[in-house]
Amino acid sequence: MKRTFVMFLLLAAVSHGAFAAEERKAEVVGKVSTPFLKALQGVSAQGTTSSMLSLKPTPNVVLEGAESAFIFPVAGSAGAFRTEAVIFNRLSRTQLVDVYFLPLGAGNCNVGAVRLRLDANTWYFYSNFVSDVFGQATFGSVVAFGVTSTGAADSSARIDGNARIWSVDLGGGTTSQNFPAMSIAVPGGSQSAFGLRKDEFYRTNWGIFNYDSVTRTFDLIFNGLRGYSTMSVNIPPCSLIQQAVPGGPYGSFEVYFSPRDGGGLYYAYGSSVDNISGDAWNVPGRQ
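Heads up: these notes are all about the structure in this document. Remember, it's a predicted structure, so these values are computed and weren't measured experimentally. (Residues numbered from 1 in each chain as written. Predicted model: local features only at pLDDT ≥ 70, side-chain atom pairs only at ≥ 80, totals over all residues. Heavy atoms only, no water.)

Bringing the state of the cysteines into the picture now. For the structure on display, the rule yields one disulfide. Across the disulfide from Cys 109 sits Cys 238; the S-S distance is 2.1 Å. Between Cys 109 and Cys 238 the disulfide shows an S-S torsion of about 105°. By sign, it is right-handed. Here Cys 109, found in the loop between β4 (95–103) and β5 (113–118), pairs with Cys 238, found in the loop between β13 (228–235) and β14 (239–244); they are 129 residues apart in sequence, far enough to count as distant. Comparing Cys 109 with Cys 238 shows no difference in burial state: the two are buried. (Disulfide = S-S within 2.5 Å. Helix = DSSP H or I, 4+ residues; strand = E, 2+ residues; numbered from the N terminus. Buried < 20%, exposed > 50% of the residue type's maximum accessible area, 1.4 Å probe, protein only.)

Shown next as structure tokens:
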């Protein structure tokens, strides 16, 4: 995610108020010391992610709706970019939510959470989510868990959300990519992201968020109308890694992600950007 120095000057020259909307932020109950992996195991004990935690390639369906936990695969605040986010409690009762931020490439599974209180049937809007909630000025992944008043995983929670990474473009407007909330109950095995493009007019990054407790090796295949290549990469535990697709041109292409351990506990995607206009789209991996 890079832009020229001109972009930074433009962002500094334009009032943030020109692009920010009215905000509604959830009440911060406090910081929680429970490590991320313990929270993930708590969700598994509730039966939400037991199949994926077993690291076995078992069939599963990622629900297109509210669940007791979700992932924002890419979120952050750095330089010309920030994340606009919505978090939604879809139940007719108050819900506590623990949100974790796992920075890009940090390899740290022991991060604590920020606990939010969401009113019944209410959504909350943040124009700079990672900065406002976590006080961070970097990129990474966000994981949200519905919890009870004792901090235990709440399998009855129904939370949802949307995240949009945006920046000011050279014409004075904005460009963005949308990263909606995704289920953490991703089935084990390989995934592919298709409909991407890398050639004289477009560039593409691939990304993998590994939320297991160990470093894992992934084999990647880039298969396009105009080119083909392969690579292998090690992803640290509890980390997001994003890199430019190597080589090319590929034209329209697919990225194939294959964890050597055959397990789940990861989220993969591709992200393509128009070199001139900044028009962009992301494609999540599918089994």
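By way of backbone hydrogen bonds, the strands of a sheet pair with one another, either parallel or antiparallel. Strand order in the open sheet formed by four strands is β14-β11-β16-β17, and the pairing between neighbours is antiparallel. Both edges of this open sheet fall to β14 and β17 (280–284), since each of them pairs with a single strand only. Looking at each pair of strands side by side, their axes are set apart by 20° on average, direction ignored. With six bridges connecting them, strand β11 (residues 202–210) and β14 associate as antiparallel partners. Bridge assignment links Ile 208 to a residue of β14, and that residue is Ile 241. (Pairing = 2+ DSSP bridges. Axes fitted to C-alpha atoms, helices over the stretch in contact; angles between N-to-C directions.)

Here four strands make up an open sheet; going across it, the order is β10-β15-β12-β13 and the pairing antiparallel. One side of each edge strand has no neighbouring strand; the edge strands of this open sheet are β10 (191–198) and β13. This sheet shows a mean twist of 25° between the axes of neighbouring strands, independent of strand direction. Relative to strand β15 (residues 251–259), β10 runs antiparallel, the two sharing six bridges. Opposite Ser 192, over in β15, you have Tyr 256 as the bridge partner.

Turning our attention to the pairing of β13. Two faces make up the sheet, and in a regular strand the side chains alternate between them. Where strand β12 (residues 216–224) meets β13, eight bridges bridge the pair, whose relative direction is antiparallel. Along β13, the bridge assignment pairs Arg 216 with Ile 235. Where β12 hands over to β13, the hairpin turn is made up of three residues, counted between the paired strands.

Topologically, Met 182 is positioned in the loop between β9 (174–180) and β10. Not counting the four nearest positions on each side in its chain, Met 182 is found in contact with Phe 70, Ile 71, Pro 73, Tyr 267 and Pro 284. (Contact = heavy atoms within 4.5 Å.)

By the criterion of burial, strand β2 (residues 69–78) is predominantly enclosed, with nine of the ten residues buried. The sheet contact formed by β2 and strand β7 (residues 139–147) spans six bridges and is antiparallel. When the bridges of β7 are listed, Ala 75 appears paired with Gly 140. The sheet contact formed by β2 and strand β3 (residues 81–89) spans two bridges and is antiparallel.

Along the polypeptide, Asp 274 turns up in strand β16 (residues 266–274). The class for Asp 274 is buried, based on a relative accessible area of 15%. Sequence separation between Asp 274 and Glu 200 is 74 residues, and the spatial gap between their C-alpha atoms is 9.7 Å. Discounting chain neighbours no more than four positions away, the residues touching Asp 274 are Phe 201, Tyr 202, Arg 203 and Asp 279. Here Ile 276 takes part through its backbone nitrogen, which lies 2.7 Å from a polar atom of the side chain of Asp 274. (Polar contact = N/O pair within 3.5 Å; in protein donor to acceptor, adjacent residues only side chain to side chain.)

In short, shape yes, function no, at least from these values alone.
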